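# Overview (structure and organization)
The lines below spell out each chain.
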Amino acid sequence: MANSEENKAASAEGGNNQTKRLVIIAIALMAVVIIGLTIALINANKKNNKNQDDPVPTPNSVSEATPTEAPNGTPTETGTPTPTGEAKDTPTPAGDVTGTPAPTEAGKTPTPTEAGKGTPTPSASPTPKPEEIDGYLVEYSAGNTWNDGGVTMMNLEFGIRNNAKEAISGGWTLVVEIEGLAKADGWNGTFSVKGDTLTIKSANYNGDIAKGATQVVGCNLGIKKDALKVVKATLNGVACTVRAGVVDQNRQNNNQGNNGNGNNGGNDVDVEEMLKRSKNAVQGDDWLHTDGTRILDKDGKEVWLTGLNWFGYNTGTNLFDGLWNSKLEPTVKAIADHGFNLIRVPISAELINQWADGVYPTANYNHAYNEGLNSMNSLEIFDYFLKLAEANGIKVMPDIHSAETNASGHNVNLWYTQKVTEEDWLKALEWMAKRYKDNDTIIAYDLKNEPHGKPYEKDGAAIWNDSKQPNNWKYAAEKAAARILAVNPNVLILVEGIEIFPKNLETNADFHSTDEKDYDFNWWGGNLRGVAKYPVDLGKYKDKLVYSPHDYGPTVYQQPWFKGTFDYDSLMKDCWHDNWFFIYEEKIAPLLIGEWGGFMTEPNISWMKLMRQLIKTYHLNHTFWCLNANSGDTGGLLLDDFTTWDAEKYEFVKDVLWQENGKFVGLDHAIPLGDNGITLKDAKGIK
């Protein structure tokens, strides 16, 4: 019995303890609920307060550093641009390739889904890094595409990365197999095509690739297929890993200039002092005007503009190309010493508008060679270039070479794109004209490089008539000239031609026909037939108008007038006269051949001699294409080191540089042209 009572007592004590535990748990649960409700009320109150300050909350907001997924499934960081638009026959510029996903096929880019249209933002996930590759890696990136006689053309860049154990020195050869390869003309190397094999040999300045370093080469490449397929590649006979990727020419150029060439900066300089104009300069005495076919100075003395082109401000370098291997100051001086009195500067409307907005894209150059530039932004470097030009007696002519900043932007038909509107183009010209209205170093503006387009491209092609169509180049040029001259009435306005013009204006003045047989063709920018019927009207500023055709030889393209044999008379009859020389002959306006030149090889040299004869006979103004060694289809006045002058080509061009009594004649009344020239004040003028 005793044992039974003890068990009862134990059971009662256990029940009491269990009851106590249940009470404690209940109290704890109630406390949790109370705390949760309190926190919820606090958060709700905070949210209400925030919404009062910011009444338009952004759904699915993601921090800038959080990766989101692009529409094609390739992760990309928020804020990184994604290509838009559909593939067209008319080339669409690729824009800055930095951070932009490479197209999966040539010319085909993903179209991003617009925000707020029901597509949820995926949860954040880390951006995958490209697989690390041992040995040699060749990445390629295709840009905008266009059609050329059944061949699909594209801008293609290769990044050659050396992940091997040893550096490459003394030169390299890259051999790439591409299905359906038709042709390739490139830069930063020597290109040759045989069947489906593209062979690229290094230039003098980029033959070394350090361990872990990358060299970039690029080309305009044509294939006989719709889609690009790179099969394989070898570098110096060693197989490479090949993959599509993002190739950044500009970053590579910048790195190239800094690796192994000293530090990235140097001592700070007094930028304000460096930008001060020459003490010998006289402002406002060098403006020019026209009279019939002549260009005259303030005293009525006829002048001869004999210059060259130096590109880079259009390509994404945001400075002149070549300064990754040379120095700015001695190069400008050498141009003057060699007798060129004008520099045509290709530039993009996009870059100018970035400057206008206070945005200064990085100028890519050799920081060790050009230490004085390291304290300047890209706009200040341009101003410094103007100061150097003035100090050496050189005048400058900006040329809107492309709407967007892109090495292949000149392939775009018109002066506007989806990204850069016509108004953006007009604003760029107006801003530059206003900024430099008190600097007569800039004496002219070339409104747009090579407007063009073929009949089948319809409203995507440049036309020339009396309409107000958006693609009417004459109408656009008049609007641009009006914007410039309203803020600076002193500068010359250069208007280039187009590509096609109707053979019969009675039946096709509106360019509605898509049949090529209904048109006369010429080089892009070289067809000025429309001037005869529809001359550009600058109103009271008619003495500021200069027409500027471009003309090239058979190594650039085998035009119909080069087939068989050609001579001066046949070129005049088949091309020059009806396309633009009639403007000179009929004393409508002066001419300036904005681009001409090429390799010193036959049959091109025969054409160059005839063009030189025409220029010399009539003292046609001209800017030779070009200074740059990296012009793939013409070569340059500089060799691959961007310092040594091509003696043969220079001696050829020298014959049509303005000279009096063995001295080069500049266009500045106070400052002589280089060490071998005289001022315009001391010149007799063209007789």
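Residues numbered from 1 in each chain as written. Predicted model: local features only at pLDDT ≥ 70, side-chain atom pairs only at ≥ 80, totals over all residues. Heavy atoms only, no water.

In this section: the overall build of the chain. A count of helices and strands for the chain gives twelve helices and 27 strands. Burial status across the chain gives 52% buried among its 687 residues. In the chain, once contacts between residues fewer than 6 apart in sequence are set aside, the share between residues at least 24 apart is 75%. Accessible surface, the chain: about 31,000 Å² in total, of which carbon and sulfur atoms supply 50%. (Helix = DSSP H or I, 4+ residues; strand = E, 2+ residues; numbered from the N terminus. Buried < 20%, exposed > 50% of the residue type's maximum accessible area, 1.4 Å probe, protein only. Contact = heavy atoms within 4.5 Å. Areas by Shrake-Rupley, 256 points an atom, 1.4 Å probe, with all protein chains shown as cover.)

Time to look at the sheet that holds strand β27 (residues 677-678). Strand order in the open sheet made by the three strands is β25-β26-β27, with mixed pairing throughout. At either end of the open sheet lies a strand with only one pairing partner, and these are β25 (659-660) and β27. Two elements, strand β26 (residues 663-665) and β27, share two bridges in a ladder whose sense is parallel. Considered in β27, the bridge of Val665 is made with Ile678. (Pairing = 2+ DSSP bridges.)

One ladder, built from six bridges, connects strand β7 (residues 189-194) with strand β8 (residues 197-202); its direction is antiparallel. From the neighbouring strand, Val193 faces β8, where its bridge partner is Leu198. What sits between the antiparallel neighbours β7 and β8 is a turn of two residues, in which Gly195 has the positive phi angle 65°.

Take Asn392: it is sitting in the loop between α6 (378-391) and β17 (395-402). For Asn392, a relative accessible area of 13% corresponds to the buried category. A polar contact of 2.8 Å, which involves the side chain of Asn392, links it to the backbone oxygen of Leu388. With residues up to four places along the chain from it excluded, the contact list for Asn392 reads Val332, Lys333, Ala336, Ile671, Pro672, Leu673 and Gly674. (Polar contact = N/O pair within 3.5 Å; in protein donor to acceptor, adjacent residues only side chain to side chain.)

Looking now at the confidence of the model for the chain. Residues shown with low pLDDT carry predicted positions that ought not to be read at fine detail. Of all residues in the chain, 77% have pLDDT values of 70 or greater, and the mean over the chain is 82. Ignoring residues within four places in sequence, the model shows residues 1-17, a span with pLDDT below 50, making zero contacts including any to other chains. Every residue in residues 253-266 scores below 50 in pLDDT, and together they form 35 contacts with partners more than four places removed in sequence or on other chains. (pLDDT = per-residue confidence, 0-100.)

Glancing now at the nonpolar core. Counting residues in each nonpolar core, the largest one holds 138 residues, and the members touching the most others are Trp464, Tyr547 and Trp576. In terms of residues, this core owes the most to one element, helix α10 (residues 568-585), which gives nine residues. One finds Met154, Leu174, Ala233 and Leu235 within the second-largest nonpolar core, a separate group that totals 29 residues. (Core = buried A, V, L, I, M, F, W, Y, C linked by side-chain atoms within 4.5 Å.)

Take helix α7 (residues 422-435) next. With 14 residues, α7 extends 20 Å from end C-alpha to end C-alpha; this agrees with the ideal 20 Å at 1.5 Å per step. Here the buried face of α7 lies against β16 (342-348), α5 (349-356), α6, β17, β18 (444-446) and α8 (473-487). (Expected span 1.5 Å × (residues − 1).)

Our next topic: α10. In a regular helix each residue adds 1.5 Å, so 18 residues correspond to 26 Å; α10 covers only 16 Å between its end C-alpha atoms and thus falls short of that length. Among all positions in α10, only Tyr568, Ser570, Leu571, Met572, Cys575, Trp576, Asn579, Trp580, Phe581, Phe582 and Ile583 are buried. Against the buried residues of α10 lie β21 (519-521), β22 (545-547), β23 (592-593) and α11 (604-618). In this structure Asp567 caps α10, since a side-chain oxygen of it lies 3.2 Å from the backbone nitrogen of Asp569. Looking one or two residues past α10, Lys587 carries a phi angle of roughly 55°, positive in sign.

So, on to the pairing of strand β10 (residues 230-235). As paired strands, strand β5 (residues 173-178) and β10 are joined by five bridges and run antiparallel to one another. Looking across to β10, one finds that Val175 is bridged to Thr234. Direction of pairing for β10 relative to strand β11 (residues 238-239): antiparallel, over a ladder of two bridges. Bridge pairing links Leu235 to Val238 in β11.

Attention now goes to the packing of aromatic side chains. Inspection of every chain in the model, using the stated rule, returns 29 aromatic pairs. When the centroid spacing of 4.7 Å and the interplanar angle of 75° are considered together, the rings of Phe320 and Phe385 count as edge-to-face. With Phe320 in the loop between β15 (306-309) and α4 (328-337) and Phe385 in helix α6, the pair connects residues that are 65 residues apart, well separated along the chain. For Phe320, a relative accessible area of 0% gives the class buried. Among the aromatic residues, those joined into a ring-pair cluster are Trp310, Tyr313, Phe320, Trp355, Phe382, Phe385 and Tyr436. (Phe/Tyr/Trp six-rings, centres within 6.5 Å; stacked < 30°, edge-to-face > 60°.)

Our focus in this paragraph is the packing of α5 against α7. α7 packs onto α5 with a crossing angle of 60° between their chain directions and a minimal axis gap of 9 Å. Considering their axes alone, α5 and α7 lie oblique with respect to each other. Viewed along their axes, α5 and α7 form a crossing whose handedness is left-handed. Residues Ala349, Ile352, Asn353, Trp355 and Ala356 of α5 pack against Asp424, Trp425, Lys427, Ala428, Trp431 and Met432 of α7. Considering only residue class, the contact of α5 with α7 consists of eight nonpolar, one polar and two charged. (Axes fitted to C-alpha atoms, helices over the stretch in contact; angles between N-to-C directions. Parallel < 35°, antiparallel > 145°, perpendicular 65-115°, else oblique. Left-handed = near helix turned anticlockwise from the far one by under 90°. Nonpolar A, V, L, I, M, F, W, Y, C, P; charged D, E, K, R; others polar.)

What follows deals with the pattern of salt bridges. In this structure the tally under the stated criterion is 30 salt bridges. Glu179 serves as the salt-bridge partner of Lys229, at 3.5 Å between the closest nitrogen and oxygen. In this pair, Lys229 sits in the loop between β9 (214-223) and β10 while Glu179 sits in the loop between β5 and β6 (181-187), placing the two residues 50 residues apart along the sequence. On the accessibility criterion, Lys229 (45% relative accessible area) is partly exposed. One salt bridge in this structure joins Glu478 and Lys474, with 2.7 Å as the shortest N-O distance. A residue pair is termed a helical-turn pair when its members lie 3 or 4 positions apart in one helix, as Glu478 and Lys474 do in helix α8 at four residues. Under the relative-accessibility criterion, Glu478 is labelled buried at 18%. Within the structure, one salt-bridge network assembled from shared partners comprises Arg277, Asp286, Glu390, Lys395, Asp440 and Asp668. (Salt bridge = Lys/Arg side-chain N within 4 Å of Asp/Glu carboxyl O.)

With respect to the helices, strands and loops of the structure, Glu139 is situated in strand β3 (residues 135-148). Glu139 has contacts with Glu157, Phe158, Gly159, Arg243, Ala244, Gly245, Val246 and Val247, leaving out every residue within four places of it along the chain. Engagement of the side chain of Glu139 in a polar contact is seen with the side chain of Arg243, the distance being 3.0 Å.

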